[in-house]
Amino acid sequence: MDRLLSNKWTIAAFVAPALLIFLGVVIVPLFITGYYSLFDYNGLSKMEFAGVENYKRLFTNDPLFLQSLKNMSILIFGSVFVQIPIAFLIANKLAKGVPGEKAFRTIYFIPVVIAATIIGKLFYYIFSADVGMVNALVRALGVPDFHFNWLTNPGTAFLCVAFAAIWQYIGYHMLILYAGIKSISTDYFEAAMIDGATGAKATWHVTVPLLAPVIKVCVVLAAVGSVKTYDIVVSMVGSGTHSGTQVPAILLWRNLFKGRLVGYGSAQAFFLVSVCLIMSYLINRMFKKSEENASMS
């Protein structure tokens, strides 16, 4: 086997199919999208070169897109600074061993395998003004006439959507972090215990540094996943033009497929891909030193 894998032509034969699929599904469409973004084009008429006008329009003449970027930022912040810390606390607790560990691990992961549209409908009824559990709970606590439209009020609508989106994937990151914590040798914790570091100190000074590569993966997945959020928003508040709940993926769909603004929609798509690539690069740079320290341990 070693002799076979040392042959460069053999390696190329194994790599080529996956590489061709990657080029055809990711790289080529990305370049085509970038090309279309430079034109004023509706998919039927003649293409007219527009240069960077589509990109200028994104930030100077499209308040809905700017609002969607704000909502996207809320999702990214919530996913990185709320979702992952909660997932880590749960994973750390389960990894230390609790009664029913396997059952809890499965229960926390169940929302991940449920379709986002179903999760969206579930939270739609939770926050519903008429039959919602939240309003019913407030009334039960002593405010009998409480009636609030959580999903139509501009100040709360998207926060409700963000809450549902963040809640759904806590179990996903929990399982990744749980596997990472379980892979850490107990020798590190025993050494920390000898030095007097137990409980929260051991977690902060031993678990977190050694788990840096795994945390980095979770941060990248959470940040990039927030950019492409679509289905849970549609199932909770619809895909209309209500500016308080717009996200980039919905506007992209409306421009490309309903408005037939191929050039402008392509500019949005290319910009979002660029955002994902830049975020991934910055996150990798931020965790570089931590990963090096973890690998040396």
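Bear in mind that the values here come from a model prediction, so they are computed numbers and not experimental data. (Residues numbered from 1 in each chain as written. Predicted model: local features only at pLDDT ≥ 70, side-chain atom pairs only at ≥ 80, totals over all residues. Heavy atoms only, no water.)

## What to know about helix α4 (residues 63-95)
The criterion, for reference: Segments assigned H or I by DSSP are reported as helices when at least four residues long, segments assigned E as strands when at least two residues long, and all are numbered from the N terminus. Here a helix's expected span is defined as the number of its residues, less one, multiplied by 1.5 Å.
Here α4 is 33 residues long and its end C-alpha atoms lie 46 Å apart, about the 48 Å a rise of 1.5 Å per residue gives. Positioned one or two residues after α4, G97 has a phi angle of 95°, which is positive.

## What about the nonpolar core?
Rule in force here: Nine residue types can take part in a nonpolar core, namely buried Ala, Val, Leu, Ile, Met, Phe, Trp, Tyr and Cys, and a core is a set of them joined through side-chain atoms within 4.5 Å. Burial classification: accessible surface area is computed with a 1.4 Å probe over protein chains only, and a residue below 20% of its type maximum counts as buried, one above 50% as exposed, and the rest as partly exposed. Any two residues whose heavy atoms approach within 4.5 Å are treated as being in contact.
M72, I76, M174, L177, L211, V219 and V227 are the most contacted members of the largest nonpolar core, which has 40 residues in total. With near-sequence residues (within four places) excluded, V219 lies in contact with V80, I84, I283 and F287. In terms of nonpolar packing, the next biggest core, distinct from the first, is built from 19 residues, F123, C160, A164 and I232 among them.

## A short note on the side chain of S266
Locating S266 in the fold gives a position in helix α15 (residues 262-296). Overall, the relative accessible area of 5% leaves S266 in the buried class. If we skip the residues at most four places from it in the chain, S266 touches T33, Y36, S37 and L256.

## Quick look at the pattern of salt bridges
Quick reminder of the rule: The term salt bridge refers to a side-chain nitrogen of Lys or Arg lying within 4 Å of a carboxyl oxygen of Asp or Glu.
This structure, assessed with the given rule, holds two salt bridges. Between K56 and E53 there is a salt bridge whose closest N-O contact spans 3.6 Å. Of the two residues, K56 and E53 both sit in helix α3 (residues 53-60), three residues apart, roughly one turn of that helix. In this structure, K182 engages E101 in a salt bridge whose closest nitrogen and oxygen atoms are separated by 3.7 Å. Linking K182 in helix α9 (residues 170-182) with E101 in helix α5 (residues 101-113), this pair joins segments that are 81 residues apart in sequence.

## Description of unusual backbone geometry
Located in the positive-phi region is R260, a residue other than glycine, with phi close to 55°. Mapped onto the elements of the fold, R260 is located in the loop between α14 (248-258) and α15. Taking relative accessible area as the criterion, R260 reaches 40% and is therefore assigned partly exposed.

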